[in-house]
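# Residue-level structural notes
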Amino acid sequence: FYDVGTPEFEAAIETALGQYGFTKAQGTISDIVELAPKAGVSGCNLSSGYRFEHTHRETLLDGHLDFLAWLLPVLLGQLGCRRFPLPPKPMDRWDW
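Residues numbered from 1 in each chain as written. Predicted model: local features only at pLDDT ≥ 70, side-chain atom pairs only at ≥ 80, totals over all residues. Heavy atoms only, no water.

Another point: the overall build of the chain. Across its full length, the chain holds three helices and two strands. Viewed in the frame of its principal axes, the chain has a C-alpha envelope of about 40 × 35 × 20 Å. Looking at the chain as a whole, 26% of its 96 residues are labelled buried. Counting contacts in the chain only where the partners sit at least 6 residues apart, residues at least 24 apart contribute 68% of the total. For the chain, the accessible area works out to roughly 7,300 Å², and carbon and sulfur atoms hold 59% of it. Both charge centroids of the chain, one from 8 positive and one from 12 negative side chains, sit 3 Å from each other. (Helix = DSSP H or I, 4+ residues; strand = E, 2+ residues; numbered from the N terminus. Buried < 20%, exposed > 50% of the residue type's maximum accessible area, 1.4 Å probe, protein only. Contact = heavy atoms within 4.5 Å. Areas by Shrake-Rupley, 256 points an atom, 1.4 Å probe, with all protein chains shown as cover. Lys, Arg positive; Asp, Glu negative; His and termini not counted. Charge placed at Lys NZ, Arg CZ, Asp CG, Glu CD.)

Nonpolar side chains collect at one region of the surface, where Y50, L60 and L65 lie side by side and expose about 230 Å² of accessible area between them. Within the secondary structure, Y50 is located in strand 1 (residues 50-51). The exposure class of Y50 is partly exposed, given its relative accessible area of 36%. (Patch = residues over 30% accessible without salt bridge, like charges linked within 9 Å, V, L, I, M, F, W, Y side chains within 5 Å. Salt bridge = Lys/Arg side-chain N within 4 Å of Asp/Glu carboxyl O.)

A few words now on the confidence of the model for the chain. Reading predicted coordinates in detail is not appropriate for stretches of low pLDDT. The share of residues in the chain with pLDDT of 70 or more is 93%, and the mean pLDDT across the chain is 87. The secondary structure element of the chain with the lowest average pLDDT is strand 1, at 86, and the one with the highest is helix 1 (residues 7-18), at 93. (pLDDT = per-residue confidence, 0-100.)

Counting residues in hydrophobic clusters, the biggest one holds 11 residues: F9, A12, I13, A16, L17, F22, L68, L71, L75, L79 and F84. Residue assignment for this core shows that the elements contributing at least two residues are helix 1 and helix 3 (62-79). Here the element with the most residues in this core is helix 1; it accounts for five residues. (Core = buried A, V, L, I, M, F, W, Y, C linked by side-chain atoms within 4.5 Å.)

Now for helix 3. Along its 18 residues, helix 3 runs 26 Å from first to last C-alpha, staying within 8% of the 26 Å computed at 1.5 Å per residue. The largest bend in helix 3 comes to about 25°, at L71, with the proline P73 one to four residues further on. For helix 3, the set of buried residues is L68, L71, L75 and L79. Structurally, helix 3 contributes buried residues whose contacts are with helix 1. A positive backbone phi angle near 65° is found at G80, which sits one or two residues after helix 3. (Expected span 1.5 Å × (residues − 1). Bend = angle between axes of the 7 residues up to and from the residue.)

In structure tokens form, the structure reads like this:
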């Protein structure tokens, strides 16, 4: 979740995605780290199904990407139009 989700959002997403085999994991970096705070909403990154990420052997798993395309409208149907605001983080003295 890259610290861009409220506990309520994380619980809702984990419940919704858990029934499809997704589990919570921490990555190294994602665009959601920049997008969610600027939008003021909680966010998460869903794996689009890669193997050997960031190497010359990187491979996209077509079946997983197709599944994700099917899953997103299903998730929106389950979660509805709920908004999970992301409170602004206090400014760190190292933030410029």
